[in-house]
Amino acid sequence: MKLKIALCAFLLLLLSLGFSIMLTTASMEKVYTEAIISEYRVIALDLQRALDRALKFGKRLDKFTGIDRVLEDTRGQIFKNVVLRHTPSGYQRKMLREDDVVISIVLPDGQILHSTNPALAGEALPRELRALFATPGADQGQAPAFVKHLGQFSIALPVTEGKGIAAYTVISFGEQQVEQLLGPFFDHNLKVFAGVMVCGMALLILALNLVTHAAPLATGLPGRRISVLLFLVVGTAQIVFAGMNLRAFRDEFLAINQTKAETLMTLLKEDVEFFFGKGLRLDSLSGLDQLLGDIIAASPELRDIAVYDAEGRLVFVATHQGAFDYRAGGTPGPRQDPGPLDGQYDPRYRAHTPLMREGSLHGHLVANVSRQSMLEKLTEIFKDSATVLVISILFFVEMLILANLFIKDQYVRTNGANAPPAGDPCALPGAGIPFGAIRPAAFLFLLGIDMCISFLPLYMKVLPIPDLGLSQEVVLGLPISVEMLFVGVALLGAGPWIDRRGWHEPFWFGLGAALAGTAWSALAPDALHFIASRGLVGLGYGAFLMAAQGFVVRQTDRGSKAQGMAQLWAGVFAGSICGGAAGAMMAERVGFRPVLLAGTAIIVFAGAYALGFMRRAMARPTFCTLNPGAHARGRLTPGRALRFLTNRDVFGLVVFSSIPASLAFVGFMYYFSPVYLAGIGQSQSDIGRVYMLYGVCLIYVAPYLAKFLDRAGNQKFLIFLSGTTGCLGFTTYYYFGGLEATALTALLLGVSGSLDASRAFVLKLRATHELGEGTAMSLFNSVGRTGQIIGPMLFGWMLLTFGMPDAVTYFGIGYLAITVLFTLTTRSEATLAAKGLLHTDQ
């Protein structure tokens with residue numbers, strides 16, 4: 001038994017740190033990719049300027065004599081100054097060839113005129129790469145800095161002719177260049193990982209021996225002590241690992257910028273010394289300040305570039321405020337740095353190279369790395385690292401629960417299980433399986449489902465969209481709306497199914513439908529297929545959610561149902577948080593389709609877990625285990641459903657509370673937030689963090705408020721308070737916007753959801769008892785999902801009609817008005833009790 005506990009501890013540490021190393025490596029890959037692309041753009045600027053000058057002198061791109069030589073020379077410069085400079089020595093260098101870099105001249109319509117790869121000349125540029133071509137006035141705004149397609153990174157620079165764009169210079173290079181840059185960092189990560197693993201396991205073994213010595217396993221399993229021990233050791237290991245990675249990030253980022261500055265100095269040195277070879281002197285060069293300005297404009301991580309003469313006097317300087325030529329008026333005496341750049345400098349932030357003429361010193365080139373830019377980048381990396389740490393700890397907590405289930409299961413098997421009496425016709429199916437077994441299943445399922453939650457409308461933008469006669473804003477919200485529609489359909493049908501045949505059939509149906517739908521989403525060739533696939537995912541999600549609640553009801557008694565539901569929803573929201581944030585971070589690095597495929601694999605793991613830990617509870621209900629009164633109350637018919645929904649208090653709860661709340665949540669969190677934040681330039685990671693803020697609120701605030709909600713005598717007031725809290729979030733956009741307003745609104749929506757007592761209120765009604773609690777809740781949940789269906793489309797229409805910030809502000813005012821209507825139409829518990837309309841057998 002001690003060996004099994006130690007094995008579980010080892011696997012927990014391994015999985016938690018493995019999850020961290022995966023996300024931190026993905027974060028660093030982005031840093032390296034941007035660094036290489038920035039260097040490519042600097043060198044490509046020379047080619048761009050040469051082509052611009054040629055067109056000004058009357059040359060035509062389709063009859064450009066010597067263009068092949070120009071492209072080959074540029075490729076040679078890239079290979080020498082970027083590829084080889086960033087490539088480790090030894091066998092890895094042999095893996096890269098000059099042919100791995102491809103430079104092409106492409107017309108705006110996508111036709112390739114010239115290329116260093118002759119096979120591409122005359123072909124059409126892939127549609128995915130045409131996203132690099134900026135289209136002024138288009139809805140998509142500016143073109144992306146780079147595109148990754150079929151294992152190649154590509155950038156594009158426009159070649160202008162007059163006031164228009166004559167062509168684009170497209171440069172592509174293989175992802176192996178980034179992989180080789182990432183190699184040393186990955187090796188460092190592995191060393192840290194190994195060190196933390198060894199130290200962590202040593203501590204775990206020592207502490208486990210102390211715990212089991214103090215409380216021998218023969219006298220009972222000290223589960224709480226073991227859980228606390230595992231949490232402290234593994235949690236500390238994750239924090240140490242994250243801290244060491246952040247320090248490595250800082251050092252690597254500075255080293256990357258040093259390398260780029262050195263590359264720039266090398267290129268500039270070659271250009272300037274070429275003119276020296278033509279007999280020109282430093283003080284007679286014209287246009288060098290403009291050249292420095294073009295370079296600094298393409299290098300936000302550099303603060304300035306300056307040229308000094310041999311005596312240290314400033315000649316040219318370029319900063320992000322402009323380029324300056326000091327030759328005309330001279331400088332008042334020797335200077336080491338231009339104007340506001342005076343001061344002492346850390347050599348790690350400076351690159352310096354001498355300018356030689358006929359073997360003698362003729363000047364200096366100096367480039368300074370921007371500390372402000374570095375601070376901004378490190379802040380972004382710190383946010384990513386903190387997010388990774390939070391996700392990793394949430395992931396670890398869920399894995400800890402799974403490990404505890406395994407340890408307890410093994411302990412029971414070793415010491416003998418408490419089986420129900422033989423021949424008992426009313427024995428509970430799966431007796432001995434704790435209700436908490438549903439939490440890891442819910443976590444894994446939601447982890448897979450919600451990995452795409454932050455980019456559904458963004459993914460729609462990259463898919464071919466047929467003409468549906470709708471505006472783009474409405475079409476982008478269709479996948480979410482269709483998914484929520486089928487969630488409602490599944491919720492409506494799963495309740496009676498569970499009552500008659502047990503929870504396990506809709507459980508497996510939900511897993512299978514979600515698995516097929518997520519895989520279909522990843523492989524969807526166009527928007528219609530994607531919309532249909534999300535409908536299948538919604539069908540699976542709704543069936544799974546109702547089945548999971550059915551499991552809790554079946555495995556609990558009156559005194560533990562609240563605890564069982566709390567465990568279920570904790571797993572749901574933890575999985576949603578981890579999936580949403582991890583999916584957003586991965587999508588920013590590897591693209592949308594790989595994230596969807598990863599989600600598919602995780603759903604498979606959820607099914608494997610259910611087979612291993614929940615199979616004994618999978619049985620059709622007997623007469624004794626059927627929901628009490630299920631047969632007596634009969635099946636759900638349209639007439640009975642209509643009578644329930646038209647009940648005054650049920651109608652008020654559904655129309656003026658449940659539907660507006662779900663409309664606000666889905667419309668804002670799933671549609672508005674990703675579209676709005678992406679439109680103002682926020683990263684995919686920030687979009688994921690906003691959703692994460694909402695989920696964390698529901699995980700850690702809701703359980704504490706739930707105890708108060710159960711004891712509260714006036715739940716109608718709490719529902720009103722929930723609605724007003726939600727509407728306050730939307731009105732913040734009247735005063736300010738951006739990431740801060742979006743985060744605050746997400747937080748207030750989380751508090752609003754934590755205060756929502758509508759389900760507890762509806763369960764008190766006699767109308768609910770007469771229809772049947774399970775069937776009534778299935779109907780209530782299904783109709784309430786109507787808001788989730790229309791939410792994205794309503795937000796899209798309001799943004800199109802009113803624009804920002806009026807659309808969100810008007811929605812908040814409307815939400816408040818509907819909440820007031822709820823208080824006017826729905827009666828209080830005291831009034832209902834006086835009229836005998838409450839079910840008193842609680």
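Relevant structure appears above.
Conventions and cut-offs
- Residues numbered from 1 in each chain as written.
- Predicted model: local features only at pLDDT ≥ 70, side-chain atom pairs only at ≥ 80, totals over all residues.
- Heavy atoms only, no water.
- Helix = DSSP H or I, 4+ residues; strand = E, 2+ residues; numbered from the N terminus.
- Buried < 20%, exposed > 50% of the residue type's maximum accessible area, 1.4 Å probe, protein only.
- Contact = heavy atoms within 4.5 Å.
- Areas by Shrake-Rupley, 256 points an atom, 1.4 Å probe, with all protein chains shown as cover.
- 1 Å grid on protein atoms, 1.4 Å probe; cavity = no way out; pocket = protein on both sides within 12 Å on 5 of 7 lines; lining within 4 Å.
- Points joined across faces, edges and corners; volume = space filled by probe spheres on them.
- Nonpolar A, V, L, I, M, F, W, Y, C, P; charged D, E, K, R; others polar.
- Axes fitted to C-alpha atoms, helices over the stretch in contact; angles between N-to-C directions.
- Parallel < 35°, antiparallel > 145°, perpendicular 65-115°, else oblique.
- Left-handed = near helix turned anticlockwise from the far one by under 90°.
- Patch = residues over 30% accessible without salt bridge, like charges linked within 9 Å, V, L, I, M, F, W, Y side chains within 5 Å.
- Salt bridge = Lys/Arg side-chain N within 4 Å of Asp/Glu carboxyl O.
- Phe/Tyr/Trp six-rings, centres within 6.5 Å; stacked < 30°, edge-to-face > 60°.
- Expected span 1.5 Å × (residues − 1).
- Core = buried A, V, L, I, M, F, W, Y, C linked by side-chain atoms within 4.5 Å.
- Polar contact = N/O pair within 3.5 Å; in protein donor to acceptor, adjacent residues only side chain to side chain.
- Pairing = 2+ DSSP bridges.
- Arc of directions from axis to C-beta.

A. Quick look at the overall build of the protein. When you go through the protein residue by residue, the secondary structure sums to 28 helices and ten strands. Across the 842 residues in the protein, those meeting the buried criterion constitute 53%. Nonlocal contacts in the protein, meaning residues at least 24 apart in sequence, comprise 76% of its contacts between residues at least 6 apart. A total accessible area of about 36,600 Å² is found for the protein, and carbon and sulfur atoms account for 62% of it.

B. Just empty space enclosed by the protein, in detail. Applying the stated criterion across every chain yields a total of six cavities of 30 Å³ or more. As a volume, the largest cavity reaches approximately 90 Å³. Going through the elements one at a time, helix H18 (648–679), helix H21 (715–731) and helix H27 (806–825) are the ones with two or more residues in the lining of the largest cavity. Considering each element in turn, the lining of the largest cavity owes the most residues, four residues, to H18. Among the residues making up the lining of the largest cavity, the classes are represented as six nonpolar, four polar and one charged.

C. Representation of the packing of helix H8 (residues 438–449) against helix H12 (residues 504–523) in the model. Two elements in contact, H8 and H12, have axes separated by 11 Å at closest approach and are oriented at 20 degrees. Between H8 and H12, the angle is such that the two are roughly parallel. Considering the relative orientation of H8 and H12, their crossing is left-handed. Here Ile438, Phe445 and Ile449 of H8 lie close against H12, whose contacting residues are Phe507, Gly510, Leu511, Ala514 and Thr518. Here the residues of the contact of H8 with H12 sort into six nonpolar, two polar and no charged.

D. Focus on a nonpolar patch on the surface. Nonpolar side chains collect at one region of the surface, where Leu693, Tyr734, Tyr735, Phe736, Leu744 and Leu747 lie side by side and expose about 610 Å² of accessible area between them. Inspection of the secondary structure puts Leu693 in helix H19 (residues 684–700). The partly exposed category is assigned to Leu693, whose relative accessible area is 34%.

E. Spatial organisation of the packing of H19 against helix H22 (residues 738–755). Across the interface, H19 lies against H22 with an axial gap of 8 Å and an inter-helix angle of 25 degrees. Put simply, H19 runs roughly parallel to H22. Seen along the crossing, H19 lies across H22 with a hand that is right-handed. Where H19 approaches H22, its residues Asp686, Val690, Leu693, Tyr694, Cys697 and Leu698 are matched on the opposing element by Leu739, Thr742, Ala743, Ala746, Leu747, Leu749, Gly750, Val751, Gly753 and Ser754. Residues belonging to the contact of H19 with H22 are distributed by class as follows: eleven nonpolar, four polar and one charged.

F. A look at the packing of aromatic side chains. The final tally for this structure, using the stated rule, is 32 aromatic pairs. With 5.5 Å between their ring centres and 70 degrees between their planes, Tyr459 and Phe592 make a pair best called edge-to-face. With Tyr459 in helix H9 (residues 456–462) and Phe592 in helix H15 (residues 592–613), this residue pair connects regions lying 133 residues apart in the sequence. Residue Tyr459 is classed as buried on the basis of its relative accessible area, which comes to 2%. A ring pair is formed by Phe811 and Tyr815, whose centres lie 6.2 Å apart and whose planes are at 50 degrees; its orientation type is tilted. You can see Phe811 and its partner Tyr815 sitting in helix H27, four residues apart, about one turn around the helix.

G. Structural context of H27. The terminal C-alpha atoms of H27, which comprises 20 residues, lie 29 Å apart, in line with the 28 Å expected from a rise of 1.5 Å per residue. For H27, the full list of buried residues reads Ala807, Val808, Thr809, Phe811, Gly812, Tyr815, Thr819 and Phe822. Where H27 is buried, its residues touch H18, H21, H22 and helix H26 (786–802).

H. Local environment of the nonpolar core. Formed by 132 residues in total, the largest nonpolar core has its most connected members in Phe445, Phe507, Met614 and Met669. Tallying contributions element by element places helix H13 (residues 527–555) first for this core, with twelve residues. Apart from residues lying up to four places away in sequence, Phe507 is in contact with Ile438, Phe544, Ala547, Ala610, Met614 and Met618. The next biggest cluster of nonpolar side chains, apart from the first, holds 71 residues, and it includes Ala35, Leu55, Phe253 and Ile256.

I. Local environment of the environment of His320. Note on placement: His320 falls in the loop between strand S7 (314–319) and strand S8 (322–325). Residues His320 and Ala297 lie 23 residues apart in sequence; the distance between their C-alpha atoms is 6.5 Å. Those residues within four positions of His320 in sequence are excluded, and the remaining contacts are Ile296, Ser299, Pro300, Leu302 and Arg303. Here the side chain of His320 touches Leu302 through a polar contact of 2.7 Å, landing on its backbone oxygen.

J. Spatial organisation of the sheet that holds strand S2 (residues 112–115). One open sheet holds the five strands; their spatial order is S2-S1-S5-S4-S3, and the pairing between them is antiparallel. On the outer flanks of this sheet lie S2 and strand S3 (147–149), each paired with one strand and no other. With strand direction ignored, the average angle separating the axes of adjacent strands in the sheet is 30 degrees. Where strand S4 (residues 152–161) lies against strand S5 (residues 164–174), ten bridges are found, and the strand directions are antiparallel. Residue pairing across strands places Phe153 opposite Phe173, the latter belonging to S5. With respect to the sheet, helix H2 (residues 67–83) is in contact with strand S1 (101–106), S2 and S5, its orientation differing from that of S1 by roughly 140 degrees.

K. Just helix H17 (residues 638–645), in detail. When we look at burial in H17, the residues that qualify are Arg640, Ala641 and Phe644. Around the axis of H17, the buried residues are gathered within 100 degrees of arc, so they sit on the same side. When the buried face of H17 is taken as reference, the exposed residues oriented beyond 90 degrees from it are Pro638, Leu642 and Arg643.

L. Broad picture of the pattern of salt bridges. Counting across every chain of the model gives ten salt bridges. Between Asp304 and Arg303 there is a salt bridge, with its nearest N and O atoms 3.1 Å apart. On the accessibility criterion, Asp304 (1% relative accessible area) is buried. Arg303 gets classed as partly exposed once you look at its relative accessible area, which sits at 29%. Of the charged contacts, one joins Glu483 and Arg534 as a salt bridge, the two residues approaching to 3.2 Å between their closest N and O atoms. Of this pair, Glu483 sits in helix H11 (residues 478–501) while Arg534 sits in helix H13, and the two are 51 residues apart along the sequence. For the pair formed by Glu483 and Arg534, the shared burial category is buried.

M. Spotlight on the pairing of S2. Inspection of the sheet shows S1 paired to S2 by three bridges, in the antiparallel sense. Bridge pairing in S2 links Ile105 to His114. Two successive antiparallel strands, S1 and S2, enclose a turn made up of five residues, where Gly110 displays a positive phi of approximately 100 degrees.

N. Representation of the environment of Arg127. Within the secondary structure, Arg127 sits in the loop between S2 and S3. In sequence terms Arg127 and Gly110 are 17 residues apart; their C-alpha atoms lie 8.1 Å from each other.

O. Region of interest: the sheet that holds strand S6 (residues 302–309). If you trace the five strands from one edge of the open sheet to the other, you get S8-S7-S6-S10-S9, paired in antiparallel fashion. Two strands in the sheet have a free side with no partner beyond their single neighbour: S8 and strand S9 (350–357). Along the sheet, successive strands turn relative to each other by an average axial angle of 15 degrees, direction set aside. Bridge analysis of S7 against S8 gives four bridges, and the strand direction is antiparallel. Opposite Val317, over in S8, you have Phe324 as the bridge partner. Against the sheet, helix H6 (residues 288–297) engages S6, S7 and S8, with an angle of about 30 degrees to S7.

P. Molecular detail of the environment of His114. In this structure, His114 sits in strand S2. Taking the C-alpha atoms as reference points, His114 and Thr169, 55 residues apart in sequence, are found 9.7 Å from one another. With residues near it in sequence (within four places) discarded, His114 still touches Leu61, Asp62, Ile67, Asp68, Leu71, Ile103, Ser104 and Ile105. A polar atom in the side chain of His114 sits 2.6 Å from the backbone oxygen of Leu61.

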